[in-house]
Amino acid sequence: MPRRPATPDEELIGAQETAVAHEISDATRIERMASELTMGFRELSGLHRAVSVFGSARTRPGTPEYELAYEVGRRLGAAGFAVITGGGPGAMEAANYGAHDADARSIGLNIDLPFEQGHATGCLDLSLDFHYFFCRKVMFVRYANAFVVLPGGYGTLDELFEALTLIQTEKIHSFPVILIGTAYWSGLVQWLRERVVGEGKIDAGDLDLMHLTDDLDDIVERVERAAVEQGV
């Protein structure tokens with residue numbers, strides 16, 4: 001007997017499989033996707049100075065990583081940028097709190113998951129619920145001037161490499177991708193340099209599409225410069 005899909009994303013991707021129950025038609029799926037994109041465009045319209053901040057939902061309050069995420073959000077907010085996160089707990093919540101405490105817009109883009117990740121509470125000026133990952137991804141890029149990437153897991157890596165691919169293929173321009181935490185990210189960067197560049201899978205210059213730092217002033221300066229180059 002086909003099992004019931006846990007999320008709309010699973011229902012969409014598994015629609016061609018007999019093991020997954022087909023609950024709606026393709027026409028209805030398209031209507032729901034269009035409705036979700038329309039909602040995001042409507043609610044975020046007019047947002048021109050913003051940064052999407054990514055990081056682990058498992059980062060615990062009171063830890064150095066949590067405090068770092070808070071300070072990142074606060075610094076960006078003080079510089080006049082809204083902070084957009086995935087709306088979850090951990091580093092996302094911390095960055096949203098930082099922006100909120102700097103009197104900047106604090107925005108969370110939540111995603112429907114088969115397990116409950118929890119949502120940031122008390123620090124969001126705008127909280128939007130998405131069912132389809134790809135609709136949510138459009139919002140992260142379209143309404144941001146830059147990505148700031150804190151230590152995180154698969155979700156964080158997904159957004160990181162999504163942005164790098166869009167820049168490499170010239171879908172977006174003057175868009176900084178900033179990795180915070182040299183101790184955390186340097187191993188990945190080294191592997192990309194030695195293995196991926198070394199085997200010719202990407203060009204050496206492609207590593208310049210991301211910037212690794214621990215300097216929060218450097219982050220703000222790069223984001224501000226990018227906003228000017230983008231005409232904001």
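Owing to the predicted nature of the structure, the values given are computational and were not obtained by experimental measurement. (Residues numbered from 1 in each chain as written. Predicted model: local features only at pLDDT ≥ 70, side-chain atom pairs only at ≥ 80, totals over all residues. Heavy atoms only, no water.)

Caption draft 1: Structural context of helix α7 (residues 182-197). In this model α7 runs just 20 Å from its N-terminal to its C-terminal C-alpha over 16 residues, more than 12% under the 22 Å that 1.5 Å per residue would give. When we look at burial in α7, the residues that qualify are Trp185, Val189, Leu192, Val196 and Val197. (Helix = DSSP H or I, 4+ residues; strand = E, 2+ residues; numbered from the N terminus. Expected span 1.5 Å × (residues − 1). Buried < 20%, exposed > 50% of the residue type's maximum accessible area, 1.4 Å probe, protein only.)

Caption draft 2: Quick look at a negative patch on the surface. Side chains of Asp214, Asp215, Glu221 and Glu224 sit close together on the surface and give a patch of like negative charge. Given the relative accessible area of 39%, aspartate 215 is considered partly exposed. (Patch = residues over 30% accessible without salt bridge, like charges linked within 9 Å, V, L, I, M, F, W, Y side chains within 5 Å. Areas by Shrake-Rupley, 256 points an atom, 1.4 Å probe, with all protein chains shown as cover. Salt bridge = Lys/Arg side-chain N within 4 Å of Asp/Glu carboxyl O. Lys, Arg positive; Asp, Glu negative; His and termini not counted. Charge placed at Lys NZ, Arg CZ, Asp CG, Glu CD.)

Caption draft 3: Representation of unusual backbone geometry within the structure. Its identity as a non-glycine residue notwithstanding, aspartate 103 has a phi of 60 degrees, on the positive side. Tracing the backbone through its elements, the reader meets aspartate 103 in the loop between α4 (91-101) and β3 (106-111). The class of aspartate 103 is exposed, set by a relative accessible area of 74%. One non-glycine residue, glutamate 170, lies in the positive phi region at around 60 degrees. As for its placement among the helices and strands, glutamate 170 is situated in the loop between α6 (154-168) and β6 (177-180).

Caption draft 4: Examining the side chain of aspartate 218 more closely. Structurally, aspartate 218 is set in helix α8 (residues 216-229). For aspartate 218, the residues in contact, after removing those within four places along its chain, are His211 and Thr213. (Contact = heavy atoms within 4.5 Å.)

Caption draft 5: Local environment of the packing of helix α5 (residues 133-142) against α6. Contact pair α5 / α6: the axes reach a minimum separation of 11 Å and the direction vectors enclose 65 degrees. Our pair here, α5 against α6, has a crossing hand that is right-handed. Two secondary-structure elements touch here, α5 through Lys137, Phe140 and Val141 and α6 through Asp158, Glu159, Glu162 and Leu166. When the residues that make up the contact of α5 with α6 are grouped by side-chain class, the tally is three nonpolar, no polar and four charged. (Axes fitted to C-alpha atoms, helices over the stretch in contact; angles between N-to-C directions. Left-handed = near helix turned anticlockwise from the far one by under 90°. Nonpolar A, V, L, I, M, F, W, Y, C, P; charged D, E, K, R; others polar.)

Caption draft 6: Structural context of the packing of aromatic side chains. Applying the stated criterion across every chain, the model contains five aromatic pairs. Ring centres 4.7 Å apart and planes at 65 degrees place the aromatic pair phenylalanine 54 and phenylalanine 147 in the edge-to-face group. Taken together, the positions of phenylalanine 54 in strand β1 (residues 50-54) and phenylalanine 147 in strand β5 (residues 146-149) put the pair 93 residues apart, joining distant regions of the chain. Pair check on accessibility: phenylalanine 54 and phenylalanine 147 agree, each one buried. The interplanar angle of 70 degrees and the centroid separation of 5.1 Å between the aromatic rings of phenylalanine 147 and phenylalanine 175 together place this pair among those described as edge-to-face. Taken together, the residues span a long stretch of sequence, with phenylalanine 147 in strand β5 and phenylalanine 175 in the loop between α6 and β6 at a distance of 28 residues. (Phe/Tyr/Trp six-rings, centres within 6.5 Å; stacked < 30°, edge-to-face > 60°.)

Caption draft 7: A look at the sheet that holds β5. Taken in spatial order, the seven strands of this open sheet run β4-β3-β2-β1-β5-β6-β7, and their pairing is parallel. At either margin of the open sheet sits one strand with a lone partner, and together these are β4 (126-130) and β7 (211-213). Across this sheet, the average inter-strand angle for adjacent strands is 25 degrees, counted without regard to direction. Pairing of β1 with β5 involves four bridges; the strand directions are parallel. In the sheet register, serine 52 faces β5, and the bridge partner there is phenylalanine 147. Running over the sheet, helix α2 (residues 26-44) touches β3 and β4 and is turned about 170 degrees from β4. (Pairing = 2+ DSSP bridges.)

Caption draft 8: Representation of the nonpolar core. Counting 38 residues, the largest nonpolar core has Leu44, Leu109, Phe147 and Val177 as its most contacted members. Broken down by element, this core gets its largest block of residues, five residues, from α7. Beyond its immediate stretch of four places on either side in the chain, phenylalanine 147 contacts Ser52, Phe54, Phe140, Val141, Glu159, Ala163, Phe175, Pro176, Val177 and Ile178. Of all hydrophobic cores here, the second largest spans 24 residues; its members include Leu76, Val83, Ala99 and Val148. (Core = buried A, V, L, I, M, F, W, Y, C linked by side-chain atoms within 4.5 Å.)

Caption draft 9: Structural detail: the pattern of salt bridges. For the structure shown, the criterion picks out ten salt bridges. Salt-bridge contacts for glutamate 199 lead to arginine 195; the nearest nitrogen and oxygen are separated by 2.4 Å. Relative accessible area serves as the criterion here: at 43%, glutamate 199 is assigned to the partly exposed category. A salt bridge links lysine 201 to glutamate 199, with the shortest nitrogen-to-oxygen separation between them at 2.9 Å. Taken together, the salt bridges that share partners define one network made up of Glu71, Arg74, Arg75 and Asp217.

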